[in-house]
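Survey of secondary and tertiary structure
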Amino acid sequence: MATALTISSPKAYQVYQRGGDGKANISITGTYTGAAPVTVEASWNGGAWTVIDAAANGGDFSGTLNAQSGGQGTLTVRDSENTGVTASVTYVGVGDVFIVAGQSNAAGELTNFQSYSHATLKATHYKYTGSVWAELADPTGANTMKGSVWPLLATLIMANQGVPVAFIPTAQGSTTLVASPAHWAKGGARYVDMLARLSGSGVNGVKAVLWYQGATAAPSGISQSAYATALSQ
(Lines give C-alpha, C1' and ligand atoms only; values in the text may rest on other atoms or scores of the structure.)
Protein backbone atom coordinates (compact mmCIF):
# COMPACT_ATOMS: atom_id res chain seq x y z
CA MET A 1 0.00 0.00 0.00
CA ALA A 2 1.37 3.42 -0.99
CA THR A 3 1.88 6.22 1.49
CA ALA A 4 2.81 8.81 -1.18
CA LEU A 5 2.73 9.12 -4.99
CA THR A 6 4.60 11.42 -7.38
CA ILE A 7 4.00 11.91 -11.12
CA SER A 8 7.23 12.19 -13.13
CA SER A 9 5.55 12.54 -16.52
CA PRO A 10 3.62 14.08 -18.07
CA LYS A 11 4.41 17.56 -16.85
CA ALA A 12 1.94 20.37 -16.28
CA TYR A 13 1.00 22.06 -19.59
CA GLN A 14 2.34 19.16 -21.68
CA VAL A 15 0.25 18.29 -24.76
CA TYR A 16 0.07 14.92 -26.51
CA GLN A 17 -0.38 14.92 -30.27
CA ARG A 18 -3.75 13.49 -31.27
CA GLY A 19 -3.99 11.01 -34.12
CA GLY A 20 -6.30 10.97 -37.09
CA ASP A 21 -9.09 9.73 -34.85
CA GLY A 22 -8.69 12.76 -32.60
CA LYS A 23 -7.32 10.65 -29.75
CA ALA A 24 -3.98 10.00 -28.05
CA ASN A 25 -2.49 7.67 -25.47
CA ILE A 26 -1.29 9.44 -22.33
CA SER A 27 1.85 7.74 -21.01
CA ILE A 28 2.35 8.10 -17.27
CA THR A 29 5.37 7.42 -15.08
CA GLY A 30 6.00 8.14 -11.43
CA THR A 31 7.25 6.97 -8.08
CA TYR A 32 5.71 5.86 -4.81
CA THR A 33 6.70 5.18 -1.24
CA GLY A 34 5.19 2.38 0.80
CA ALA A 35 4.89 -1.39 0.71
CA ALA A 36 4.78 -3.11 -2.69
CA PRO A 37 2.98 -4.21 -4.72
CA VAL A 38 0.83 -1.14 -5.40
CA THR A 39 -2.08 -0.92 -7.84
CA VAL A 40 -2.03 2.53 -9.44
CA GLU A 41 -5.12 4.03 -11.07
CA ALA A 42 -5.32 7.18 -13.18
CA SER A 43 -8.01 9.61 -14.23
CA TRP A 44 -7.67 12.47 -16.71
CA ASN A 45 -9.95 15.41 -17.38
CA GLY A 46 -12.71 14.03 -15.17
CA GLY A 47 -12.70 10.59 -16.81
CA ALA A 48 -13.19 7.22 -15.16
CA TRP A 49 -10.52 5.72 -12.94
CA THR A 50 -8.46 3.19 -14.89
CA VAL A 51 -5.76 0.82 -13.60
CA ILE A 52 -2.48 1.71 -15.32
CA ASP A 53 -0.12 -0.44 -13.25
CA ALA A 54 -1.63 -3.46 -11.50
CA ALA A 55 1.51 -4.44 -9.56
CA ALA A 56 3.95 -1.56 -9.19
CA ASN A 57 7.14 -2.64 -7.49
CA GLY A 58 10.52 -1.19 -6.62
CA GLY A 59 9.27 2.35 -6.01
CA ASP A 60 8.30 3.11 -9.62
CA PHE A 61 5.07 2.87 -11.57
CA SER A 62 4.18 3.33 -15.23
CA GLY A 63 1.23 2.84 -17.51
CA THR A 64 -1.00 4.36 -20.15
CA LEU A 65 -4.43 5.89 -20.45
CA ASN A 66 -5.38 4.72 -23.93
CA ALA A 67 -7.43 6.51 -26.59
CA GLN A 68 -8.11 9.76 -24.79
CA SER A 69 -10.14 12.29 -26.79
CA GLY A 70 -8.94 15.82 -27.47
CA GLY A 71 -9.14 18.15 -24.51
CA GLN A 72 -7.26 19.45 -21.50
CA GLY A 73 -7.52 18.80 -17.80
CA THR A 74 -5.98 17.51 -14.61
CA LEU A 75 -4.29 14.11 -14.52
CA THR A 76 -4.56 12.35 -11.16
CA VAL A 77 -3.15 9.04 -9.95
CA ARG A 78 -4.06 7.13 -6.79
CA ASP A 79 -3.49 3.88 -4.95
CA SER A 80 -6.57 1.74 -5.57
CA GLU A 81 -6.28 0.27 -2.07
CA ASN A 82 -5.66 3.61 -0.38
CA THR A 83 -7.57 6.10 -2.51
CA GLY A 84 -6.75 9.04 -0.27
CA VAL A 85 -3.15 8.87 -1.52
CA THR A 86 -3.07 10.84 -4.77
CA ALA A 87 -0.87 13.00 -6.99
CA SER A 88 -2.00 15.40 -9.72
CA VAL A 89 -0.68 17.37 -12.70
CA THR A 90 -2.70 20.25 -14.15
CA TYR A 91 -3.37 21.28 -17.77
CA VAL A 92 -2.35 18.03 -19.44
CA GLY A 93 -3.67 18.15 -22.99
CA VAL A 94 -4.51 16.09 -26.06
CA GLY A 95 -4.40 18.33 -29.10
CA ASP A 96 -1.93 19.62 -31.69
CA VAL A 97 1.80 20.06 -31.20
CA PHE A 98 3.95 22.15 -33.57
CA ILE A 99 7.70 22.52 -33.89
CA VAL A 100 8.78 26.09 -34.68
CA ALA A 101 11.92 26.17 -36.82
CA GLY A 102 13.82 28.72 -38.89
CA GLN A 103 15.52 32.01 -38.21
CA SER A 104 14.79 35.34 -36.49
CA ASN A 105 11.19 35.85 -37.63
CA ALA A 106 10.32 32.44 -36.22
CA ALA A 107 12.22 33.19 -33.02
CA GLY A 108 10.27 36.45 -32.66
CA GLU A 109 10.68 39.86 -34.30
CA LEU A 110 7.47 41.67 -33.35
CA THR A 111 7.70 45.03 -31.59
CA ASN A 112 5.30 44.03 -28.82
CA PHE A 113 4.75 40.86 -26.83
CA GLN A 114 1.62 39.06 -28.02
CA SER A 115 -0.87 36.92 -26.09
CA TYR A 116 -3.39 34.20 -26.94
CA SER A 117 -7.00 33.94 -25.91
CA HIS A 118 -9.48 31.11 -25.41
CA ALA A 119 -12.41 30.74 -23.05
CA THR A 120 -11.40 27.37 -21.62
CA LEU A 121 -8.15 26.06 -23.13
CA LYS A 122 -4.54 26.90 -22.30
CA ALA A 123 -2.01 27.22 -25.13
CA THR A 124 1.42 25.97 -24.07
CA HIS A 125 5.05 25.77 -25.11
CA TYR A 126 8.18 23.84 -24.28
CA LYS A 127 10.20 26.89 -23.37
CA TYR A 128 13.24 27.70 -25.49
CA THR A 129 14.97 28.99 -22.36
CA GLY A 130 14.86 26.47 -19.55
CA SER A 131 13.34 23.58 -21.53
CA VAL A 132 10.25 23.23 -19.35
CA TRP A 133 6.55 23.13 -20.21
CA ALA A 134 4.64 26.33 -19.45
CA GLU A 135 1.64 28.33 -20.50
CA LEU A 136 2.30 30.06 -23.84
CA ALA A 137 3.58 33.60 -23.42
CA ASP A 138 6.05 35.80 -25.25
CA PRO A 139 8.97 35.66 -25.50
CA THR A 140 8.54 32.23 -27.08
CA GLY A 141 11.97 31.78 -28.61
CA ALA A 142 15.57 32.91 -28.74
CA ASN A 143 14.70 36.60 -29.19
CA THR A 144 13.93 37.18 -25.54
CA MET A 145 13.13 40.90 -25.84
CA LYS A 146 10.60 40.70 -28.69
CA GLY A 147 7.19 39.24 -29.45
CA SER A 148 6.20 36.47 -31.84
CA VAL A 149 3.32 35.41 -34.06
CA TRP A 150 2.76 32.15 -32.20
CA PRO A 151 0.29 33.32 -29.51
CA LEU A 152 -1.82 34.84 -32.31
CA LEU A 153 -1.70 31.60 -34.28
CA ALA A 154 -2.62 29.61 -31.17
CA THR A 155 -5.76 31.72 -30.78
CA LEU A 156 -6.84 30.96 -34.35
CA ILE A 157 -6.13 27.22 -34.20
CA MET A 158 -7.83 26.67 -30.84
CA ALA A 159 -10.91 28.61 -31.98
CA ASN A 160 -11.06 26.48 -35.13
CA GLN A 161 -10.17 23.06 -33.71
CA GLY A 162 -11.37 23.20 -30.11
CA VAL A 163 -8.25 21.47 -28.73
CA PRO A 164 -5.16 22.80 -26.92
CA VAL A 165 -2.17 23.87 -28.99
CA ALA A 166 1.49 23.51 -28.02
CA PHE A 167 4.67 24.84 -29.62
CA ILE A 168 8.22 23.53 -29.36
CA PRO A 169 10.37 26.54 -30.34
CA THR A 170 13.73 25.72 -31.94
CA ALA A 171 14.35 28.72 -34.25
CA GLN A 172 17.42 30.91 -34.04
CA GLY A 173 18.34 34.12 -35.83
CA SER A 174 20.82 34.31 -38.72
CA THR A 175 20.69 30.58 -39.44
CA THR A 176 20.63 29.03 -42.89
CA LEU A 177 19.28 26.00 -44.70
CA VAL A 178 21.40 25.95 -47.87
CA ALA A 179 24.27 28.44 -47.64
CA SER A 180 27.27 27.26 -45.61
CA PRO A 181 27.28 26.30 -42.77
CA ALA A 182 23.69 25.13 -43.54
CA HIS A 183 22.61 24.98 -39.90
CA TRP A 184 19.22 23.42 -40.72
CA ALA A 185 20.40 20.80 -43.21
CA LYS A 186 20.01 17.24 -41.99
CA GLY A 187 22.83 16.68 -39.49
CA GLY A 188 23.46 20.42 -39.08
CA ALA A 189 23.69 22.08 -35.68
CA ARG A 190 20.14 23.50 -35.64
CA TYR A 191 18.65 20.30 -37.06
CA VAL A 192 20.31 18.26 -34.32
CA ASP A 193 19.16 20.73 -31.66
CA MET A 194 15.60 20.59 -33.00
CA LEU A 195 15.51 16.81 -32.59
CA ALA A 196 17.02 17.07 -29.11
CA ARG A 197 14.34 19.55 -28.03
CA LEU A 198 11.65 17.33 -29.47
CA SER A 199 12.99 14.36 -27.54
CA GLY A 200 13.37 16.35 -24.33
CA SER A 201 9.79 17.61 -24.50
CA GLY A 202 8.40 14.12 -23.99
CA VAL A 203 5.69 14.48 -26.64
CA ASN A 204 4.52 11.47 -28.61
CA GLY A 205 4.63 13.23 -31.99
CA VAL A 206 3.90 16.51 -33.76
CA LYS A 207 1.25 17.84 -36.12
CA ALA A 208 3.72 19.76 -38.30
CA VAL A 209 6.89 21.80 -38.45
CA LEU A 210 6.20 25.53 -38.81
CA TRP A 211 9.08 26.73 -40.96
CA TYR A 212 9.75 30.48 -41.08
CA GLN A 213 13.05 31.14 -42.81
CA GLY A 214 14.60 32.43 -46.03
CA ALA A 215 15.71 36.00 -45.34
CA THR A 216 19.31 34.84 -45.64
CA ALA A 217 18.74 32.60 -48.65
CA ALA A 218 16.78 35.02 -50.83
CA PRO A 219 19.36 37.80 -51.21
CA SER A 220 22.32 35.42 -51.40
CA GLY A 221 21.28 33.99 -54.76
CA ILE A 222 20.01 30.59 -53.60
CA SER A 223 17.67 29.30 -56.30
CA GLN A 224 14.09 28.33 -55.55
CA SER A 225 14.74 24.77 -56.70
CA ALA A 226 17.86 24.40 -54.51
CA TYR A 227 15.99 25.74 -51.49
CA ALA A 228 12.99 23.46 -52.11
CA THR A 229 15.26 20.44 -52.44
CA ALA A 230 17.07 21.26 -49.18
CA LEU A 231 13.75 21.81 -47.39
CA SER A 232 12.36 18.46 -48.51
CA GLN A 233 15.49 16.74 -47.24
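Shown above is the structure to which this text applies.
It should be emphasised that the depicted structure is a prediction, and the values quoted were computed from it without experimental measurement.

The rules we used
- Residues numbered from 1 in each chain as written.
- Predicted model: local features only at pLDDT ≥ 70, side-chain atom pairs only at ≥ 80, totals over all residues.
- Heavy atoms only, no water.
- Helix = DSSP H or I, 4+ residues; strand = E, 2+ residues; numbered from the N terminus.
- Buried < 20%, exposed > 50% of the residue type's maximum accessible area, 1.4 Å probe, protein only.
- Contact = heavy atoms within 4.5 Å.
- Areas by Shrake-Rupley, 256 points an atom, 1.4 Å probe, with all protein chains shown as cover.
- Expected span 1.5 Å × (residues − 1).
- Pairing = 2+ DSSP bridges.
- Axes fitted to C-alpha atoms, helices over the stretch in contact; angles between N-to-C directions.
- Phe/Tyr/Trp six-rings, centres within 6.5 Å; stacked < 30°, edge-to-face > 60°.
- Polar contact = N/O pair within 3.5 Å; in protein donor to acceptor, adjacent residues only side chain to side chain.
- Salt bridge = Lys/Arg side-chain N within 4 Å of Asp/Glu carboxyl O.

With that settled, consider the overall build of the protein chain. A count of helical and extended segments in the protein chain gives 4 helices and 12 strands. For the C-alpha atoms alone, the extent of the protein chain along its principal axes is close to 70 × 35 × 35 Å. Residues counted as buried form 46% of the 233 residues belonging to the protein chain. The contacts in the protein chain between residues at least 6 apart in sequence include a share of 69% that link residues at least 24 apart. Approximately 10600 Å² of the protein chain is accessible, and the part contributed by carbon and sulfur atoms is 51%.

This part takes up helix H2 (residues 150-161). In an α-helix, one turn spans 3.6 residues; hence positions three or four apart end up facing the same way. Counted at 1.5 Å a residue, the expected span for H2 with its 12 residues is 16 Å, and the 16 Å between its end C-alpha atoms agrees. All of the buried residues in H2 are Trp150, Pro151, Ala154, Thr155, Ile157 and Met158. Residues of H2 that are buried in the fold lie against strand S8 (82-102), helix H1 (104-107), strand S11 (165-169) and strand S12 (208-212). After H2 finishes, the residue Gly162 shows a positive phi value of roughly 70°.

Take the sheet that holds strand S3 (residues 23-34) next. Read from one edge to the other, the open sheet built from 3 strands follows the order S1-S3-S6, with strand pairing classed as antiparallel. Bordering the open sheet on either side are strand S1 (2-9) and strand S6 (60-69), each of which pairs with just one other strand. Adjacent strand axes in the sheet meet at a mean angle of 30° when their direction is disregarded. Taken together, the 6 bridges between S1 and S3 define a ladder with antiparallel strand orientation.

This model, assessed by the stated rule, comprises 5 aromatic pairs. When the centroid spacing of 5.5 Å and the interplanar angle of 90° are considered together, the rings of Trp184 and Trp211 count as edge-to-face. Of this pair, Trp184 sits in the loop between S11 and helix H3 (189-201) while Trp211 is found in strand S12, placing the two residues 27 residues apart along the sequence. An aromatic cluster of three or more residues is present, and its members are Phe98, Trp150 and Phe167.

We now examine the side chain of Gln103. Mapped onto the fold, Gln103 is located in the loop between S8 and H1. A polar contact of 3.1 Å, which involves the side chain of Gln103, links it to the side chain of Gln213. When sequence neighbours within four positions are dropped, the list of residues in contact with Gln103 reads Ala171, Gln172, Gly173, Ser174, Thr175, Tyr212, Gln213, Gly214, Ala215 and Thr216.

Scanning the entire structure with this criterion turns up 6 salt bridges. Between Glu109 and Lys146 there is a salt bridge, with its nearest N and O atoms 3.2 Å apart. Separated by 37 residues along the polypeptide, Glu109 in the loop between H1 and strand S9 (124-126) and Lys146 in the loop between strand S10 (133-135) and H2 bring together distant segments of the chain. On the basis of relative accessible area, Glu109 is assigned to the partly exposed category, the value being 33%. A relative accessible area of 37% means that Lys146 is categorised as partly exposed. As a salt-bridge pair, Glu135 and Lys122 come within 3.9 Å of each other at their nearest N and O atoms. Of this pair, Glu135 sits in strand S10 while Lys122 sits in the loop between H1 and S9; the two residues are 13 residues apart in sequence, bridging distant segments of the chain. Judged by relative accessible area, which is 24%, Lys122 ranks as partly exposed. Through salt bridges with shared partners, one network takes in Arg190, Asp193 and Arg197.

The next subject is the side chain of Thr140. You can see Thr140 is positioned in the loop between S10 and H2. Contact partners of Thr140, with chain neighbours within four places excluded, come to His125, Tyr128, Ser148, Trp150, Pro151 and Pro169.

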